[in-house]
Amino acid sequence: MTQRRLSALLAVLTVLAAAPASANDTSAELAAGGLVLTRSDSIEMRSEDLYISEQAVRVRYVFANTSGKDVTVRVAFPMPDIGGPGFFQSDVSIPVDDAPANVLGFSTQVDGKPVKAQVEQKAIATDGVDRTAWLVANRIPLAVHLGGVDEALRALPQARRDEAVRLGLYDPDEGGVWVLKTTYHWLQTFPAGRPIVVEHAYRPSVGATVATSVGTEYAGEIQDKYCVDKALTDTVVRAAKADKDGNAPWVDRWIDYVLVTGGNWKKPIGDFRLVVDKGSPKNLVSFCGSGVKKISPTQFEMRRANWRPEKDLSILLLVSHDAM
């Protein structure tokens with residue numbers, strides 16, 4: 001693995017220095033989300049209970065089959081796309097544990113029992129064509145984010161390397177440039193007249209800076225996305241003014257979650273509950289939502305009834321130096 005690729009894979013979560021944030025001081029996060037169902041007019045999502053923190057995303061669904069007979073459909077969990085031209089030119093927060101297919105440690109249970117899911121991986125070249133078969137035939141690992149890919153491409157005979165370039169799979173300066181699309185899926189039977197509980201969990205990809213953008217010249221870049229309000233801004237500005245070096249004692253971290261998959265079901269989500277855990281009472285948090293209430297020193301709750309999400313969730317965590 002090249003040093004460039006290695007640095008791109010490390011989750012940049014260590015505070016390097018208290019300095020104003022800029023584009024070069026950040027790592028990007030990968031957005032994941034919920035389950036996707038093959039279209040069915042028979043199945044409703046009665047409830048969704050979602051918990052998000054820096055360390056874990058946990059979701060508990062209750063589904064009901066209203067058709068009067070058992071229905072079996074395919075359920076899928078799409079992982080975030082990884083790779084593509086320029087993807088590794090900046091730091092990318094990927095919680096790598098040498099699992100080629102399961103970088104987020106995804107797991108699922110149905111009615112308390114683990115589900116063994118199938119994994120589908122596709123390598124999409126820069127022209128949008130699926131080139132999985134070519135890579136497999138030439139013994140190139142599909143996991144473009146792990147070690148061995150660039151080395152395997154460089155080891156190809158010159159004619160095959162030239163072909164990889166023509167096919168949009170290889171750039172001599174960047175290495176492998178395809179997009180890896182990974183989906184976990186399984187066939188699930190939804191019995192008539194009995195709700196079932198589906199739970200899944202994974203580690204989120206967390207973006208980060210070496211300082212906070214709130215209250216600085218860069219605040220406009222995050223204001224709307226995370227609904228940063230005046231009270232939060234004032235808190236950060238006061239803390240910065242009280243510091244002898246003028247630096248606020250927090251760093252920014254971000255978590256994105258794809259909520260709109262909840263709109264794929266027969267009816268709106270009957271009962272939706274979100275809990276965002278900021279991790280430490282010294283941390284601050286901001287995200288877009290109405291009716292949010294504090295339910296513990298670190299947790300914030302939002303509830304909705306008969307809700308069909310129209311936009312995804314973006315969470316800004318201001319992590320205190322003392323909490324790291």
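Please read these numbers as outputs of a predicted model, since none were measured by experiment.

**Student:** Is there a simple way to think about the nonpolar core in this case?
**Tutor:** Across soluble globular proteins, nonpolar side chains show a tendency to be buried alongside one another. Ranked by internal contacts, the top residues of the largest apolar core, which has 64 residues, are Leu-50, Ile-52, Trp-178, Tyr-257, Leu-274 and Ile-315. Dropping the residues within four chain positions of it, Leu-50 is found in contact with Val-57, Arg-58, Val-59, Tyr-257, Leu-259, Phe-272, Arg-273, Leu-274 and Val-275. Of all hydrophobic cores here, the second largest spans 13 residues; its members include Ala-240, Trp-250, Leu-316 and Leu-318.

**Student:** Please explain the state of the cysteines as it appears in this structure.
**Tutor:** Disulfides are covalent bonds that connect the sulfur atoms of two cysteines. Under the defined criterion, the tally for this structure stands at one disulfide. For Cys-227, the disulfide goes to Cys-288, at an S-S distance of 2.0 Å. A torsion of 100° about the S-S bond marks the disulfide between Cys-227 and Cys-288 as right-handed. Of this pair, Cys-227 sits in the loop between helix 5 (220–226) and helix 6 (230–242) while Cys-288 sits in the loop between strand 17 (284–287) and strand 18 (293–294), and the two are 61 residues apart along the sequence. On the accessibility criterion, Cys-227 (38% relative accessible area) is partly exposed. Residue Cys-288 is classed as partly exposed on the basis of its relative accessible area, which comes to 22%.

**Student:** Would you take a moment to explain the packing of aromatic side chains for this structure?
**Tutor:** Any two aromatic rings considered together are summarised by their centre-to-centre distance and by the angle between their planes. Scanning the model with the defined rule gives six aromatic pairs in all. Among the aromatic residues, those joined into a ring-pair cluster are Phe-77, Phe-106, Tyr-184 and Tyr-202. Taking NZ or CZ as reference, Arg-58 lies 4.1 Å from the ring centre of Tyr-51, over its face.

The rules behind each value
Residues numbered from 1 in each chain as written. Predicted model: local features only at pLDDT ≥ 70, side-chain atom pairs only at ≥ 80, totals over all residues. Heavy atoms only, no water. Core = buried A, V, L, I, M, F, W, Y, C linked by side-chain atoms within 4.5 Å. Buried < 20%, exposed > 50% of the residue type's maximum accessible area, 1.4 Å probe, protein only. Contact = heavy atoms within 4.5 Å. Disulfide = S-S within 2.5 Å. Helix = DSSP H or I, 4+ residues; strand = E, 2+ residues; numbered from the N terminus. Phe/Tyr/Trp six-rings, centres within 6.5 Å; stacked < 30°, edge-to-face > 60°. Lys NZ or Arg CZ within 6 Å of the ring centre and 35° of its normal.

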